[in-house]
Amino acid sequence: MQVSVVGVENLGTERAVIHIEHRPEDARKFCIEYSNDRSKKCVEKTLEDTHLNNKLTGNCKTGEFRSLWGDMVTFAGERRGRGGAISTKYRIMKDGSELDGSSASGYGVYLGQFKALCPNIGIVDD
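Just so it is clear, the model here is predicted, and its values are computed rather than measured. (Residues numbered from 1 in each chain as written. Predicted model: local features only at pLDDT ≥ 70, side-chain atom pairs only at ≥ 80, totals over all residues. Heavy atoms only, no water.)

### Side note on the overall build of the chain
Next up, step 1: A tally of helices and strands in the chain yields 3 helices and 7 strands.
Next up, step 2: Along the chain direction, N to C, the helices and strands of the chain fall in the order β-β-α-α-β-β-β-β-β-α.
Next up, step 3: Taken along the three principal axes of its C-alpha coordinates, the chain extends 50 × 35 × 25 Å.
Next up, step 4: Across the 126 residues in the chain, those meeting the buried criterion constitute 33%.
Next up, step 5: Sequence-distant contacts, at least 24 apart, represent 38% of the contacts inside the chain between residues at least 6 apart.
Next up, step 6: Taking the 18 positively charged and 18 negatively charged side chains of the chain as two groups, their mean positions are separated by 2 Å. (Helix = DSSP H or I, 4+ residues; strand = E, 2+ residues; numbered from the N terminus. Buried < 20%, exposed > 50% of the residue type's maximum accessible area, 1.4 Å probe, protein only. Contact = heavy atoms within 4.5 Å. Lys, Arg positive; Asp, Glu negative; His and termini not counted. Charge placed at Lys NZ, Arg CZ, Asp CG, Glu CD.)

### Comments concerning the environment of S35
Next up, step 1: With respect to the helices and strands, S35 occurs in the loop between α1 (24–33) and α2 (40–49).
Next up, step 2: Among the residues examined, S35 registers a relative accessible area of 35% and is labelled partly exposed.
Next up, step 3: Separated by 44 residues in sequence, S35 and R79 have C-alpha atoms that sit 35 Å apart.
Next up, step 4: Leaving out residues up to four positions away in the same chain, S35 has contacts with F30 and C42.

### Re the nonpolar core
Next up, step 1: Counting 19 residues, the largest nonpolar core has F65, F75, I92, L111 and L117 as its most contacted members.
Next up, step 2: Only β2 (16–21), β5 (72–78), β6 (90–94) and α3 (107–117) provide two or more residues apiece to this core.
Next up, step 3: Examining the composition of this core, we find that 5 residues originate from one element, α3, more than from any other.
Next up, step 4: Discounting chain neighbours no more than four positions away, the residues touching F75 are T62, G63, F65, Y90, R91, I92, L111, F114, I121 and I123. (Core = buried A, V, L, I, M, F, W, Y, C linked by side-chain atoms within 4.5 Å.)

### Looking at the packing of aromatic side chains
Next up, step 1: Under the defined criterion, the tally for this structure stands at 5 aromatic pairs.
Next up, step 2: Pairing F30 with Y34 gives two aromatic rings, centres 5.0 Å apart and planes at 20°, and the pair type is stacked.
Next up, step 3: On the accessibility criterion, Y34 (65% relative accessible area) is exposed.
Next up, step 4: When the ring of F75 is compared with that of F114, the centres are 4.5 Å apart and the planes differ by 15°; the resulting orientation is stacked. (Phe/Tyr/Trp six-rings, centres within 6.5 Å; stacked < 30°, edge-to-face > 60°.)

### Details of α2
Next up, step 1: Listing the buried residues of α2 in full gives C42, V43 and T46. For α2, the arc enclosing every buried residue in end-on projection is 100°, short of the 170-degree limit, so these residues lie on one face. Of the exposed residues in α2, the ones pointing more than 90 degrees away from its buried face are K40, K41 and E48.
Next up, step 2: Elements that come into contact with the buried residues of α2 comprise α1. (Arc of directions from axis to C-beta.)

### Details of the side chain of D26
Next up, step 1: You can see D26 is positioned in helix α1.
Next up, step 2: Despite being buried, D26 has no salt bridge partner; R23 is the closest side chain of opposite charge, sitting 5.4 Å away.
Next up, step 3: When sequence neighbours within four positions are dropped, the list of residues in contact with D26 reads Q2, V3, S4 and E21. (Salt bridge = Lys/Arg side-chain N within 4 Å of Asp/Glu carboxyl O.)

Shown next as structure tokens:
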């Protein structure tokens, strides 16, 4: 999913905020690139069905942030000693559980949102 950033405040701080809008051009890009559907109906349905907050907020000191879907997530830092069932570079916690790195867990999306809020943390891709 693509969104448009319309403003930022205090990135890299304890009160980081990214304001977003989900615009028709964002939905159109999703329809074309993901759904392979160029119809106006796809754009309208995508806009109707996509429920996002209008801002992403976070505390770069504690690693806690509220995702675009309203989830409370914690970036818990770099993993020490990779291996075992979870072999991601970073630990990301949601609902008391560590995300396993799969696309189904949302690991990459949440990591991207935290990186956007806290660019000074020095996160590099897995």
